[in-house]
Each structure stands twice: as C-alpha cells, then as structure tokens.
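Residues per chain, in single letters:
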Amino acid sequence: NDDNVLHIGGIFPIGGKGGWQGGQACEPAASLALEDVNNRTDLLTGFTLKLHWNDSECEPGLGASVMYNLLYNKPQKLMLLAGCSTVCTTVAEAAKMWNLVVLCYGASSPALSDRNRFPTLFRTHPSATVHNPTRIKLMEKFGWSRVAILQQAEEVFISTVEDLEARCKETGIEIVTRQSFLSDPTDAVRNLRRQDARIIVGLFYVVAARRVLCEMYKQNLYGKSHVWFFIGWYEDNWFEVNLEKEEVGCTKDQMRIAAEGHLTTEALMWNQNNQRTISGKTSEDFRLRLNEVLRQAGYDIDNMRYPEGYQEAPLAYDAVWAVALAFNKTMERLHKHGKSLKNFTYTDKETADGIYSAINSTQFLGVSGYVAFSSQGDRIALTQIEQIINGTYVKLGYYDTQSDNLTWLGKEKWSGGKVPQDRTIVRQVL
Ligand SMILES: CC1(C)CO[C@@H](CC(=O)O)CN1
C-alpha cells in the first residue's frame, strides 16, 4: 500500500543536444538499483523505494521545472537524484529551500565542491579536479618541474586549472605558460612553442581536442621531445573520427602521428576487480544486466553502439544504493524517537539533517568502486593513467590520492627511447 513507499525524485539528461545526455544509460542503471534494493529484505524493511523522474535534456531551466513538478506534485519526495553539472548547480542551489539532499551521479564541475552554495549536495561522480593529484604525481615520477597548460575557455576547465595551478605551486612545479582558447587553438599552440613548452597539460572537450592535435602536428609540437596530458574519458578512437565532418584539417595518419605517446588521466567509474559489491554482484554482473536492459531498449550493444552515459552508469547505480543505505540508517534513528521518514515534509529540517548526516557517513563497495564522500560531498575516487602506444591506449597504472599510492605497471614507451626533458638542456662546453 502507498503509505509504505519512500519516494525520491530523479532528473536525467536524456534528450536534447547540448552537454551530456548521460541519462540514456544512467536512468536504466538507477532502475536496476531500485530493483535490487527493493528485493533486499534486510534493507528498508517493510518499505519500497520508488523513483519519480523526468528528462532535463541537460538544460538547467528544464531541470528546474522538472524539479518543481516533482516537488509540487504528490507524493512528497525525500531527496533528488540529478545529472549534468549545469542542472546539478541549479537544482542543488535551490534544493536547500526544501531541505532536500541532492545526489549527483553525473556532474564533474569543480564549482560544485562548495558547501556554502550547495549545503546538501553529494556526488558519486568525481570532480574534474580528481585528475590533478595524478598529473602532479606523474610529473614528480618523471622529474618534470617545468610544465605548460593549454585549456578551452569553459567553466569546468577554468576551475580545474585553478586547482592544478595551486597544487603545482605547493609542489614547486613551475607553470611556464597557461594558454586558453575558445574554439580555435592555433595561436595558443603557437605561444606554447614560443615558450619552448615540452610537458603540456591539455584540458578541453573532445571536438576541441581534435583541433589541438592537428595544430600540434602542423606546428611540430609532438614526438620525442614533448609529452601531452589529455583527458582520458574521450572515446578510444577519438583522434581518428569526425575529421571531415569537423573540418579538422589533418588526415588520420597525421592525427595518429601527433597522438602517439600522449598520456591520459581519468577517474575510475567501473570497479576493476571481481569483488562482490554491496549488491552481492560484481561490476561485471552489473555490466551484463545493464547491456541486456539496453538491448531491450533498442541499443545495438553487440556492435558497440552504446548510449551516452554508459561509462557513468555505475555512478547512477551506486547513487541509488547510497540513498537506500542512508535512508535505512535514518529510519533506524527516527524509529527510536517514534518518528518515520514517511512523515518527512519540506519544512522538516531535523529529519533533513538526519538524512544529510546518514549520507555523509555512508561508505560501501559499489560497482563504481569504493563509494565515500568528502566533507564537500565530493566522490573520493581512484584514477587511471593510460598512454597511446602504437595507436591504442595502454594502461600504465592507477593512483589512489587518499593513500598517495601509485600502482605502476612499467609499460610506458617514449619514442626517443628515454623520458623527454621538461626543458632544453644547454651543456656548457668548458
Ligand atoms: C566524465 C564526464 C563525461 C564529464 O562530464 C560529466 C557531465 C557534466 O559534468 O556535466 C559526465 N562525465
């Protein structure tokens, strides 16, 4: 019966063209988690968790109207799931007025790590700044203390670079130049050459990345004397596709030559080992079930036609588990005071605080790896390092920032046969 149902709201980016349509895989993943949670007799005993959701198209305005409809239509919601940085920013900034926790499964913007603006926000999706300690660790490993930055003028990259600059300063790594561009990187790449930049951290979306790569080729800023750090969440063959459509101006061969040897960093979103997670399933079990659901939905999975958000699907699955575990904890506490989540209202700050502190201390092994939140509500995550060797990505290692532990596989290859230098070495002929 209805009064033993705990209702939550969900805002998923499905349609539209701008930004990230990751709800296409994340909403099905969230639904799988609801199924698993509701099948557990030892969780939320006597209650069913129900998700009411709608499409934000990754548009903050539409996301806001979806939120209002969820809040102003019965039944009362207990918290909100959301995706896309722009939508999470809008929803999380407003949610405190309704005393609602917001759990973002698809928001990477560093700006969201701000308890003043977003006092009730948690993320199972790591902030883009999670790459920075890994980049610094690699610079230290290879002895690079003179680096350059090339970024696209987008909010997420601007705040990521600010974090990277601060960390470089702390570590004594000199940033010889920071170049940014809107959509044409020609001048910015030329300035890198003028400053004799050798180790370059690149922060841009994948369309801009293709333009940068072609410009690197044309200006000869690649090969045995240069190392580029790119973002690791582009699709694997990103530097060989859409070259005509986007009028990149380089051939596939030229792009491959320029791309050879670059490093990438990315947050791990699929648990790497075959451990049983909180759901009793491994991440591989989850992948097989998700693939089946997506096939039913018409995606040609067997020919690698994945929906957007497939990479982030474990983050949505684990977000629902985080909510279920937190509600379970809150219900036990409320029960002691003769209260129940069922009676939560948007003005019930006390219960909201109970939900907040329950989520804040929730930690478990999920299909996306170990789930835990920082004091800013950020996801604590591992990162993975890869390098393009003979045209394909090879795993070089993993980094755990918390324990400062770099697992290195020793597979890196440098086209000049040795680690590139971060500057021109002028030998004094005495
Ligand atoms: C790794 C990526 C693609 C970064 O952007 C996230 C979407 C967003 O931050 O709006 C989704 N995951």
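Keep in mind the model is a prediction, meaning the values are calculated, not measured.

Asker: If you had to explain the packing of helix 10 (residues 313–336) against helix 11 (residues 349–360) to someone new, which residues and values would you point to?
Answerer: The relative placement of two packed helices is expressed as an angle between their axes plus a distance between the axes. For the pair helix 10 and helix 11, interaxial distance at closest approach is 8 Å and the crossing angle is 130°. It follows that helix 10 is oblique to helix 11 by the angle criterion. For the crossing formed where helix 10 meets helix 11, the hand is right-handed. Within the contact between the two elements, helix 10 uses Ala326, Phe327, Lys329, Thr330, Arg333 and Leu334 and helix 11 uses Thr351, Gly354, Ile355, Ser357, Ala358 and Ile359.

Asker: Explain the state of the cysteines to me, using residue names and the numbers behind them.
Answerer: Any covalent bond linking the sulfur atoms of two cysteines counts as a disulfide. Enumeration according to the criterion identifies 3 disulfides in this entry. The disulfide bridge from Cys88 ends at Cys104, spanning 2.3 Å between sulfur atoms. Judged by the sign of its S-S torsion, about -125°, the cystine formed by Cys88 and Cys104 is left-handed. Here Cys104 lies in strand 4 (residues 101–106) and Cys88 lies in helix 3 (residues 85–95), a separation of 16 residues in the sequence. For the pair Cys88 and Cys104, a shared accessibility class is recorded, and that class is buried. Paired by a disulfide, Cys214 and Cys250 hold their sulfur atoms 1.9 Å apart. Torsion about the S-S bond of the Cys214 and Cys250 cystine: about 80°, corresponding to right-handed handedness. Here Cys214, found in helix 7 (residues 206–218), pairs with Cys250, found in the loop between strand 9 (227–231) and helix 8 (252–259); they are 36 residues apart in sequence, far enough to count as distant. Given a relative accessible area of 1%, Cys214 falls into the buried group.

Asker: Tell me what's going on with the sheet that holds strand 3 (residues 79–83), and back it up with residues and numbers.
Answerer: Pairing in this open sheet of 5 strands is parallel, and the strands run 2-1-3-4-5 from one edge to the other. Both outer strands of the open sheet, strand 2 (48–55) and strand 5 (121–123), are each paired with one neighbouring strand and no more. In this sheet, adjacent strand axes meet at a mean angle of 25° when their direction is disregarded. Note: strand 1 (residues 5–12) against strand 2, 8 bridges, orientation parallel. Residue Ile8 lies in a different strand from strand 2, and its bridge partner there is Leu51. Of the strands in this sheet, strand 1, strand 2 and strand 3 touch helix 2 (residues 60–72), which is tilted by about 165° from strand 1.

Asker: Now, about the pairing of strand 9: what can you tell me, with residues and values included?
Answerer: Burial analysis of strand 9 places 5 of its 5 residues in the buried class, which makes it a mostly covered element. Here strand 9 shows no split at all, with Val227, Phe229 and Ile231 on one side and Trp228 and Phe230 on the other all buried. Direction of pairing for strand 8 (residues 199–203) relative to strand 9: parallel, over a ladder of 3 bridges. Bridge pairing in strand 9 places Val201 opposite Phe229. What joins strand 8 to strand 9 is helix 7, and the crossover it makes is right-handed.

Asker: Explain the nonpolar core to me, and be specific about the residues and the numbers.
Answerer: As a rule of thumb, nonpolar side chains are buried together in soluble globular proteins. In this structure, Leu49, Leu81 and Phe327 are the most contacted members of the largest nonpolar core, which totals 82 residues. If you look at the next biggest cluster of nonpolar residues, it comprises 57 residues, including Cys214, Phe230, Leu396 and Tyr399.

Asker: Break down the site of the ligand for me, with residues and values.
Answerer: Every residue close to the ligand is listed here: Trp20, Cys84, Ser85, Gly106, Ala107, Ser108, His125, Trp233 and Glu312. With the chains in place, 86% of the 330 Å² that the ligand exposes on its own is no longer accessible. Tallied by class, the residues present in the shell around the ligand amount to 4 nonpolar, 4 polar and 1 charged.

What counts as what
Residues numbered from 1 in each chain as written. Predicted model: local features only at pLDDT ≥ 70, side-chain atom pairs only at ≥ 80, totals over all residues. Heavy atoms only, no water. Axes fitted to C-alpha atoms, helices over the stretch in contact; angles between N-to-C directions. Helix = DSSP H or I, 4+ residues; strand = E, 2+ residues; numbered from the N terminus. Parallel < 35°, antiparallel > 145°, perpendicular 65-115°, else oblique. Left-handed = near helix turned anticlockwise from the far one by under 90°. Contact = heavy atoms within 4.5 Å. Disulfide = S-S within 2.5 Å. Buried < 20%, exposed > 50% of the residue type's maximum accessible area, 1.4 Å probe, protein only. Pairing = 2+ DSSP bridges. Right-handed = clockwise from strand over helix to strand, strands pointing away. Core = buried A, V, L, I, M, F, W, Y, C linked by side-chain atoms within 4.5 Å. Near = heavy atom within 4 Å. Areas by Shrake-Rupley, 256 points an atom, 1.4 Å probe, with all protein chains shown as cover. Nonpolar A, V, L, I, M, F, W, Y, C, P; charged D, E, K, R; others polar.

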